[in-house]
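Structure at a glance
Now for the letters of each chain:
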Amino acid sequence: MRELSPIIALDFASLEEVKAFLAQFPADEHLFVKVGMELYYAEGPAVIRYIKSLGHRIFLDLKLHDIPHTVESAMRVLATLGVDMTNVHAAGGFEMMQAARRGLGQQARLIAVTQLTSTSEEQMQSDQNIQTSLQESVVHYARLADRAGLDGVVCSAQEVGLIKEATQPDFICLTPGIRPSGSDIGDQKRVMTPGQAAQIGSSYIVVGRPITQADHPLQAYQAIKQEWSGHDQ
Ligand code: C5P
């Protein structure tokens, strides 16, 4: 399953900036946006309600990681906000992921972060004392998330193939680190174009700065959407 709207990462610090950005899109362009920690901690549920009032879908990227009871209760609250997708750290464990699913219910998609893409294999081995390859750890966490009843994982585009082999057919691989060819890669290290991401089987792409920092965000969005959704798998 491929979601045809690229998810726009709304990495802004305030509701005012979000309003100004979204005002550049026609009212009938139904978007899928990502709200991360900075924006949510600054503005709270008001930002979710505002975006929903415009009819857009929301991936609330808060990466919960706590004891199962706390995560279940927090997910119950997030479910009442009507978010369409949210996430946890797979490192919280099988029981925590099951609890998250119970709290959130089945209405929204629930995905897991495996190893953050900012973590190198050396850091994982020394900081977390995990003595396998990074890829093995990522695939292990993806399988665990699948068994715990989650819908998918956030992963680098380079990991999609291995994760698809290890999990159920509809398991979601949501991939950030997307750059249209010829654009500035910023601080991302391993990037793919929307077309490449479609080809290797990503289910969702997350795109931030190539749209939010563009001179013409609507045009940038439409070009990326065209390349992503128009690509034959
Ligand atoms: O601006 P850019 O397209 O790089 O934004 C990508 C978004 O995806 C940011 O919100 C970033 O935090 C998020 N992200 C990422 N890599 C991950 C997980 C999340 O870039 N592994």
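Scoring rules and cut-offs
Residues numbered from 1 in each chain as written. Predicted model: local features only at pLDDT ≥ 70, side-chain atom pairs only at ≥ 80, totals over all residues. Heavy atoms only, no water. UniProt positions renumbered as here; feature names shortened; annotations may be inferred. Helix = DSSP H or I, 4+ residues; strand = E, 2+ residues; numbered from the N terminus. Contact = heavy atoms within 4.5 Å. Polar contact = N/O pair within 3.5 Å; in protein donor to acceptor, adjacent residues only side chain to side chain. Buried < 20%, exposed > 50% of the residue type's maximum accessible area, 1.4 Å probe, protein only.

We now examine the UniProt feature "active site" (unreviewed entry) in the protein chain. Within this numbering scheme, the UniProt entry marks Asp61, Lys63 and Asp66 as carrying the feature "active site" (unreviewed entry). Relative to the assigned elements, Lys63 resides in strand S3 (residues 57–64). Look past the residues within four positions of Lys63 in its chain and what remains in contact with it is Met37, Asn87, Val88, His89, Val113 and Leu116. At 3.0 Å, the side chain of Lys63 forms a polar contact with the side chain of Asp61. Note that Asp66 resides in the loop between S3 and helix H4 (68–81). If we skip the residues at most four places from it in the chain, Asp66 touches Val71 and Met96.

Once that is clear, we can look at the side chain of Thr114. In this structure, Thr114 sits in the loop between strand S5 (109–113) and helix H6 (121–127). By relative accessible area, Thr114 is classed as buried at 4%. Look past the residues within four positions of Thr114 in its chain and what remains in contact with it is Ala90, Val138, Tyr141, Ala142, Val153 and Val154.

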